[in-house]
Amino acid sequence: MTSPLQRKLKIAGPTVVTANRLADGAVVWLSPAGGWTDSIGAAAVGSTSEDVLRLLDIAHGDENTAVGAYPAPVRIGADGTPEPANLRERIRVSGPTVALPAGASAAA
Amino acid sequence: MYVYDEFDRAFLQERVVEFRDQVERRLAGELNEEEFKPLRLMNGVYLQLHAYMLRVCIPYGTLSARQLRALAAVARKYDRGYGHFTTRQNIQFNWIKLAELPDAMADLAEVVIHGIQTSGNCIRNTTTDPWAGAAADEVEDPRLYAEVIRQWSTLHPEFTYLPRKFKIAITAAKHDRAAIRVHDVGLRLHKRDGKTGFEVMVGGGLGRSPYIGKTIRDFLPEEDLLSYLEAILRTYNLGGRRDNIYKARIKIQVHEMGAEAFAQKVEAEWAEIRDGALKLDKAALDAIRDRFLNPALEDLEDAPASLATALADPDFARWHANSVAPHKAKGHAIVTLSLKPVGAPPGDATADQMDAIADLADAYAYGEIRVAHEQNLTLPYVRQKDLPALWAKLKAIGVATPNVGLISDIIACPGLDYCSLANARSIPVAQKLTERFADDARIADIGRLHLNISGCINACGHHHVGHIGILGVEKKDEEFFQITLGGKGNSKARIGELIGPAVSEGEVVDVVERLVETYLDLRTSPAETFIAAVQRLGTDPFKERAYAPR
């Protein structure tokens, strides 16, 4: 029987933990070293719910660097690195799918 | 324009200092996210998909040229050079860094604008007719009362933690251009026996559970406006649901209680407070009225010869037909600037455009600009004789697309390209639709047609009240779009009817085109508008054509 105190997380495949950087809101991923990276390809990948819960614990313990951490599904690309597995995460990786208005700057 | 007093200015300066301290403490780790989040939200700062978003309040949609330049400067200095005008007459900046937000707010405070009342479960920025003070069909200028409500509601200690957000809209014209019937409270200013008062509607709203507001008072004398609003808010604050975020808006309370029972509770509360401190006496109203500096319009004749000559140009005539509205003052006009060019995100304006519009407002419109809930801008005081010159300059900066009120004048939320709540993208659908309906003559022939798109059930794109509404949904990581038909946001507001199963992103533009073709085939004459045809025919003929096997 499962203890009511035992946390559950259902994952369907390889998963990373992503958040927004506190200082500027930029999208970041938890790295294998327990820090944050701005490249999804360098993110730590969990393949079991225990893995991902452990990554989430690390992420939630560092809310002064990145906020709103959550697990995001990935697929493993031909080069062995994670890639976003759904539209929302693809947009978070690549930015808006629409061109910024003419005259807008790419970055502040 | 309302001229803010020293109290307002000092308050905003103090608020910036306070927020700067909060940000510094958050960045230093002295505040955790749970503590900080409500503080940033009270200043209009959201965390979206890619970055922080600052929503700036534009009280009742009125901006001075100086304020618009300040917004342009913030866009340029702290963001990526553009802003997004919203369906609540506000503007959003999508890429601001937390560490720079206090500086951006300090710059905005210099021109007395801010992000207060643009987020959180408080009384939000009151919206009104973008033509207020200028409209030919207006009973009285509703901005006076919007400002009264602003002064009462800002930081109202009793109503800072309501069950959910609370939105008030006012109109004072025959034609409702503020969508008052889909607000938590809608106020329709009118006269009875020479006295000013309001029809009061409650419980309207869109989102997951759309409702049209119910009238609970036909005529509320102006002096009782605040006490009656206070009674409504108290009834909601005490009785509104806090157990379920999806049932926490006043519309659910009104629906569950019934409008009559809700009204009885309000009246009972009001009886206790109506003659108290919130009574608006003439002196109090006059003091606020006196701080509105309205332009001294020239005494001019309608239809000057220069305008008649210009109207011989078919391009100018087409723009004039849908972008220029009658003014209460002879020889003047109201001009709408379309922020809906073909292929562009609806409601976006670059910093350069904002600066140029501010210059044109100074040159041609007494320095005043309005934001419309349709995500366009308006110049409310333009001399008719200046229209040809103004048109040429608006065209040069890309805000004179002759599509105001037509099918490509699309209301759209930011959708999944920016918003953390969205399920589907709105902007690409809007872009494709404007490209499909890019021909000026064709859209003029189609005539008045409001097409609204939301990227999720929260309905920020007001899809429920679009003549054609499009709602993005997600199924197994694919975007699909539900289509509604027959919605209206005006004085005869109604919720659109879902016409069938959701269609794929690849199909949605074709389906809309088939709806339009059905209308063109079945209308009795070009004088019968799309919405009139839908009301006459019902939705069946449209459904059949939209979903016909191909």
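Just above sits the structure.
Here's what I pulled together on the structure shown here. (Residues numbered from 1 in each chain as written. Chains lettered and ligands numbered in written order. Predicted model: local features only at pLDDT ≥ 70, side-chain atom pairs only at ≥ 80, totals over all residues. Heavy atoms only, no water.)

### Overview of helix α17 (residues 530-537) of chain B
All names here are of chain B. Residues of α17 that are buried include every one of Phe530, Ile531, Ala533 and Val534, and no others. The buried residues of α17 occupy an angular sector of 160 degrees when the element is viewed end-on, so they sit on one face. Where α17 is buried, its residues touch β18 (468-475), β19 (478-485), α16 (505-522) and α18 (540-546). Residue Gly538 follows α17 closely and has a positive phi angle near 75 degrees. (Buried < 20%, exposed > 50% of the residue type's maximum accessible area, 1.4 Å probe, protein only. Helix = DSSP H or I, 4+ residues; strand = E, 2+ residues; numbered from the N terminus. Arc of directions from axis to C-beta. Contact = heavy atoms within 4.5 Å.)

### A closer look at the environment of B:Ile453
All names here are of chain B. Within the secondary structure, Ile453 is located in strand β17 (residues 451-454). Spatially, the C-alpha atom of Ile453 lies 28 Å from that of Ala396, the residues being 57 residues apart in sequence. Those residues within four positions of Ile453 in sequence are excluded, and the remaining contacts are Ile410, Ile411, Ala412, Cys413, Ser426, Val429, Ala430, Leu433, Gly461 and Ile470.

### Points about the packing of aromatic side chains
Here the distance between the centres and the angle between the planes together describe a pair of aromatic rings. All names here are of chain B. One pass over the structure, following the stated rule, counts 15 aromatic pairs over all chains. Between Tyr366 and Tyr381, the aromatic rings sit 6.3 Å apart at their centres with planes inclined by 85 degrees, giving edge-to-face as the arrangement. Taken together, the residues span a long stretch of sequence, with Tyr366 in the loop between α12 (351-364) and β14 (368-371) and Tyr381 in strand β15 (residues 377-383) at a distance of 15 residues. Tyr366 gets classed as partly exposed once you look at its relative accessible area, which sits at 29%. Through a chain of ring-to-ring contacts, the aromatic side chains of Tyr2, Tyr4, Tyr60 and Phe292 assemble into a single cluster. In this arrangement the basic side chain of Arg80 is found over the ring face of Trp95, its NZ or CZ atom lying 3.7 Å from the centre. Against the face of Phe480 rests Lys475, its NZ or CZ located 5.2 Å from the ring centre. (Phe/Tyr/Trp six-rings, centres within 6.5 Å; stacked < 30°, edge-to-face > 60°. Lys NZ or Arg CZ within 6 Å of the ring centre and 35° of its normal.)

### Comments concerning the pairing of strand β2 (residues 27-30) of chain A
Residues and elements named next belong to chain A. A two-sided burial pattern is seen for β2, the buried positions comprising Val27 and Trp29 on one face and Val28 and Leu30 on the other. Note: strand β1 (residues 15-21) against β2, three bridges, orientation antiparallel. Its bridge partner being in β2, Asn20 is matched across the sheet by Val27. Counting the residues between successive antiparallel strands, the hairpin from β1 to β2 contains five residues, one of them, Gly25, with a positive phi of roughly 80 degrees. Pairing of β2 with strand β3 (residues 36-37), which is carried by two bridges, proceeds in the antiparallel orientation. From the neighbouring strand, Leu30 faces β3, where its bridge partner is Trp36. Joining the antiparallel neighbours β2 and β3 is a turn of five residues, in which Gly34 adopts a positive phi near 90 degrees. (Pairing = 2+ DSSP bridges.)

### Side note on the packing of helix α3 (residues 65-78) of chain B against helix α4 (residues 101-109) of chain B
Residues and elements named next belong to chain B. Between α3 and α4, the least distance of the axes is 9 Å, while the angle of their chain directions is 165 degrees. Viewed along their axes, α3 and α4 adopt a mutual orientation that is roughly antiparallel. As α3 runs across α4, the sense of the crossing is right-handed. Every residue of α4 that contacts α3 at Ala70, Leu71, Val74, Lys77 and Tyr78 is listed here: Asp103, Ala104, Asp107 and Leu108. Class assignment for the residues of the contact of α3 with α4 results in six nonpolar, no polar and three charged. (Axes fitted to C-alpha atoms, helices over the stretch in contact; angles between N-to-C directions. Parallel < 35°, antiparallel > 145°, perpendicular 65-115°, else oblique. Left-handed = near helix turned anticlockwise from the far one by under 90°. Nonpolar A, V, L, I, M, F, W, Y, C, P; charged D, E, K, R; others polar.)

### Focus on the sheet that holds strand β3 (residues 62-64) of chain B
Hydrogen bonds between backbone groups are what pair the strands of a sheet, and the pairing can be parallel or antiparallel. Residues and elements named next belong to chain B. Strand order across the open sheet formed by five strands is β3-β14-β15-β12-β11, with antiparallel pairing between neighbours. Edge positions in the open sheet fall to β3 and β11 (324-326), since each of these has one partner strand only. Across this sheet, the average inter-strand angle for adjacent strands is 30 degrees, counted without regard to direction. For β11 and strand β12 (residues 332-337), the ladder comprises three bridges, and the chain directions are antiparallel. Pairing of Ala325 across the sheet is with Ile334, part of β12.

### Focus: the pairing of strand β7 (residues 168-171) of chain B
Residues and elements named next belong to chain B. Residue alternation in β7 divides its side chains into two sets, Ile168 and Ile170 and Ala169 and Thr171, and both sets are buried. In this structure, strand β6 (residues 127-128) lies alongside β7, joined through two bridges in parallel fashion. Paired with Thr127 across the strands is Ala169, a residue of β7. Of the crossover connections in this fold, the one passing from β6 over helix α5 (residues 143-153) to the parallel β7 is left-handed. Across four bridges, the pairing between β7 and strand β8 (residues 185-192) is parallel. Its bridge partner being in β8, Thr171 is matched across the sheet by Arg188. (Right-handed = clockwise from strand over helix to strand, strands pointing away.)

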